[in-house]
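Working through the structure, step by step
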Amino acid sequence: MYRFLLTPRWWGINVFVALAIPFCVFMGSWQLGRFEDRVQGHKDASAQSTANEKATPRPLGSLLPVDQKTSGKRATATGHYGKQLLVPDRELDGRTGFYVVTLLRTDGGDGRALPVVRGWVPGAASAAKAPAAPRGEVTVTGALQASESPGSDGASAAGGLPAGQLGAISAASLVNLVPYDVYDAWVTLDKADSGMTAVPATAPQGSGLDLKAFQNLGYTGEWFVFAGFVVFMWFRLLRREAEFARDASLGLTESDAPGAAPDAESAPDAPDASDAASTQDSPESASAEAARG
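Re the pairing of strand S2 (residues 74-92)
- Both strand S1 (residues 58-59) and S2 contribute to a ladder of two bridges, which runs parallel. Residue pairing across strands places arginine 58 opposite alanine 75, the latter belonging to S2.
- As judged from the seven bridges shared by S2 and strand S5 (residues 137-146), these two strands associate in the antiparallel manner. Counterpart to glycine 79 in the pairing with S5 is valine 138.
- Hairpin connection from S2 to strand S3 (residues 95-106): two residues lie between these consecutive antiparallel strands, with aspartate 93 at a positive phi of about 55 degrees.

Regarding the nonpolar core
- Core analysis: the biggest nonpolar cluster contains 17 residues, and Val87, Tyr99, Val101, Leu103, Val117, Ile169 and Leu174 have the highest contact counts within it.
- Contributing elements (two or more residues each) for this core: S2, S3 and strand S4 (113-122).
- Residue contacts for valine 117: discarding those within four places in its chain leaves Tyr99, Val100, Val101, Ile169, Trp186, Val187, Thr188, Leu189 and Val199.
- The next biggest cluster of nonpolar side chains, apart from the first, holds 16 residues, and it includes Leu60, Ala77, Val138 and Val140.

A word on the pairing of S4
- With nine of ten residues buried, S4 lies mostly within the body of the structure.
- Here S3 runs beside S4; their pairing, made up of nine bridges, is antiparallel. Bridging from a neighbouring strand, threonine 102 pairs with valine 116 of S4.
- Sheet topology places S4 next to strand S6 (residues 185-189); two bridges connect them, and they run parallel. Across the sheet, the residue bridging to valine 117 is threonine 188, located in S6.

Some points on helix H3 (residues 211-249)
- Between its terminal C-alpha atoms H3 stretches 57 Å, which fits the 57 Å expected from 39 residues at 1.5 Å a residue.
- Listed as buried for H3 are Ala213, Asn216, Thr220, Ala227, Val230, Leu238 and Ala242.

Remarks on the packing of aromatic side chains
- Overall, the coordinates contain four aromatic pairs when judged by the stated rule.
- Ring geometry for phenylalanine 35 versus phenylalanine 214: centroids 6.3 Å apart, planes at 55 degrees, classification tilted. Of the two residues, phenylalanine 35 sits in helix H1 (residues 8-54) while phenylalanine 214 sits in helix H3, which places them 179 residues apart along the sequence.
- Phenylalanine 35 gets classed as buried once you look at its relative accessible area, which sits at 16%.
- You can call phenylalanine 214 partly exposed: its relative accessible area is 47%.
- Between tryptophan 223 and phenylalanine 226, the aromatic rings sit 5.7 Å apart at their centres with planes inclined by 90 degrees, giving edge-to-face as the arrangement. Of this pair, tryptophan 223 and phenylalanine 226 both sit in helix H3, separated by three residues, roughly a single helical turn.
- On the basis of relative accessibility, which here comes to 42%, the residue phenylalanine 226 falls in the partly exposed class.
- Every member of this aromatic cluster is reached through a ring pair, and the members are Phe23, Trp223 and Phe226.
- If you follow arginine 105 out to its NZ or CZ, it ends over the ring of tyrosine 180, 4.0 Å from the centre.
- The lysine or arginine in question, arginine 118, covers the ring of tyrosine 81, its NZ or CZ lying 5.8 Å from the ring centre.

With respect to the confidence of the model for the protein chain
- In the predicted model, the protein chain carries a mean pLDDT of 82, and the fraction of residues at 70 or more is 81%.
- Across residues 255-267 the pLDDT falls below 50, and counting only partners more than four positions away or on other chains, this stretch makes three contacts in the model.
- In this model residues 276-280 is a low-confidence stretch, pLDDT under 50, and it forms two contacts with partners more than four residues away in sequence or in other chains.

Some remarks on the side chain of threonine 106
- Looking at the element boundaries, threonine 106 is found in strand S3.
- Under the relative-accessibility criterion, threonine 106 is labelled buried at 11%.
- A polar contact of 3.3 Å, which involves the side chain of threonine 106, links it to the backbone oxygen of arginine 112.
- Residues contacting threonine 106, with those up to four places away along its chain left out, are Ala77, Thr78, Gly79, Arg112, Leu114 and Tyr183.

Calculation rules
Residues numbered from 1 in each chain as written. Predicted model: local features only at pLDDT ≥ 70, side-chain atom pairs only at ≥ 80, totals over all residues. Heavy atoms only, no water. Pairing = 2+ DSSP bridges. Helix = DSSP H or I, 4+ residues; strand = E, 2+ residues; numbered from the N terminus. Core = buried A, V, L, I, M, F, W, Y, C linked by side-chain atoms within 4.5 Å. Buried < 20%, exposed > 50% of the residue type's maximum accessible area, 1.4 Å probe, protein only. Contact = heavy atoms within 4.5 Å. Expected span 1.5 Å × (residues − 1). Phe/Tyr/Trp six-rings, centres within 6.5 Å; stacked < 30°, edge-to-face > 60°. Lys NZ or Arg CZ within 6 Å of the ring centre and 35° of its normal. pLDDT = per-residue confidence, 0-100. Polar contact = N/O pair within 3.5 Å; in protein donor to acceptor, adjacent residues only side chain to side chain.

Printed below as a string of structure tokens:
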């Protein structure tokens, strides 16, 4: 009954199934591993954030460039405050306000400046609401952060902001706003200046349970469903082919069904042409023709 499995058609089906199932399982396992890595990264980032709050501040230069390990660590730098800018439309504790960013010209001779988020103020961005920066030499201590990317983590990607405002805290955004080089990093103070609210540090990019993590989980389910669908369709085709083979072995073909046209062997014989000719040439036929005449 199952000899059809040796036909070229079924060889092709079987090879496809034998390759498709392991591939689907592999891809599902890989997506599940990506989700687990993101969950573990989120746990590690949370643990690192707690440890960073208790760690001793380190000089800024020893923590650069900013990466997954150094993001959020407490850094310290000394210098003089310079140009001050505002970052509008930033939320904190469910309210909308703006960051006050002041560039710190660090001591060290390279002339670079460090963006320092001195605090958050509620309401629309206004230079009149932003407290002035302290004068003279200052030493700042806060959480080190990587430069923001427009459109991520609350950073605005919109252009056309008023003078004195910027959408994202990054060296690329500041390059045309200040006449000196800027560190590719920024610091948010542990304690905000002048009655402002301190801005908490954010987790390193890619370490949270964001939409991508749950997309990995959804893809995991899809690949495993595909594997099950392949198995289901293979059994369905196998069962259907076995039923056809069984019907053929029992002689239950489509021509034997009720209402089917009889075949040539079972149909009654048609009158032969010679029989018709002999009928026409018989005496009875001649008499009948004469009587009609």
